[in-house]
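Next come the chains, spelled out residue by residue.
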Amino acid sequence: AIHEFADSQFGHLFASGPTRDHARKALQLALKNILIVGEIRNPTEYLVELAETEEFKDNTIDTAWLDKLIAEKAVNVKFNVNDMVFYGACLKSFLHM
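Across its full length, the chain holds five helices and zero strands. Here the chain holds 97 residues, and 14% of them are scored as buried. Accessible surface computed for the chain: about 8400 Å², of which carbon and sulfur atoms make up 58%.

Structure, rendered in structure tokens:
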């Protein structure tokens, strides 16, 4: 269990493959299949999208790369509207218990 004051870097995920692209795809698959339960926010969907950028694929990233993407809002996570409505209803119901 992770308490609410835990460091946001509570875990690390590594992927390997015969090529960078194979390892990148293995990383994305692992992120898509990871299950984090509880009231902890996690960036798994965002990380999948980051790994799909051309800069990441070409390994031309540096320490300012992520800051630039965030400032430009260049990476967007796609959400399923039906899922959002469902989870919102669940939360609202839970809060009224």
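This paragraph deals with the nonpolar core. Counting nine residues, the largest nonpolar core is built from L27, L31, V48, L50, A51, F56, W65, L69 and V75. Elements that contribute at least two residues to this core include exactly α1 (20-33), α2 (44-50) and α4 (65-72). Excluding its chain neighbours within four sequence positions, the residues that come into contact with F56 are R20, R24, L27, L50, A51, I61 and W65.

Quick look at the packing of aromatic side chains now. Under the counting rule described, the total for this entry stands at one aromatic pair. Seen in terms of ring centroids, F56 and W65 are 6.3 Å apart; in terms of plane orientation they differ by 35°. Their pairing is tilted. When its relative accessible area of 18% is taken as the criterion, F56 is described as buried.

The next point concerns the environment of V48. For V48, the position within the fold is in helix α2. Through-space distance from the C-alpha of V48 to that of R24 is 9.3 Å; in sequence the pair is 24 residues apart.

Okay, unusual backbone geometry next. Phi is positive for N59, which is not a glycine, with a value near 55°. For N59, the position within the fold is in the loop between α3 (54-58) and α4. Look at N59 and you get partly exposed, because its relative accessible area is 47%. The backbone of K73 sits at a positive phi, close to 50°, despite the residue not being glycine. Residue placement: K73 occurs in the loop between α4 and α5 (81-95).

Right, let's get into the confidence of the model for the chain. Considering every residue of the chain, the mean pLDDT works out to 83; 85% of them sit at 70 or more. Considering each helix and strand of the chain separately, the mean pLDDT is smallest for α5, with a value of 83, and largest for α3, with 94.

According to the stated counting rule, one finds five salt bridges in the structure shown. With its nearest N and O atoms 3.1 Å apart, the salt bridge here joins E52 to R24. Of the two residues, E52 is situated in the loop between α2 and α3 and R24 in helix α1; the sequence distance between them amounts to 28 residues. Among the ionic pairs, K57 bridges to E54, the shortest N-O distance being 3.7 Å. One end of the pair is K57 and the other is E54, both in helix α3 and three residues apart, which spans about a single turn.

Here is what the cut-offs are and how they apply
- Residues numbered from 1 in each chain as written.
- Predicted model: local features only at pLDDT ≥ 70, side-chain atom pairs only at ≥ 80, totals over all residues.
- Heavy atoms only, no water.
- Helix = DSSP H or I, 4+ residues; strand = E, 2+ residues; numbered from the N terminus.
- Buried < 20%, exposed > 50% of the residue type's maximum accessible area, 1.4 Å probe, protein only.
- Areas by Shrake-Rupley, 256 points an atom, 1.4 Å probe, with all protein chains shown as cover.
- Core = buried A, V, L, I, M, F, W, Y, C linked by side-chain atoms within 4.5 Å.
- Contact = heavy atoms within 4.5 Å.
- Phe/Tyr/Trp six-rings, centres within 6.5 Å; stacked < 30°, edge-to-face > 60°.
- pLDDT = per-residue confidence, 0-100.
- Salt bridge = Lys/Arg side-chain N within 4 Å of Asp/Glu carboxyl O.

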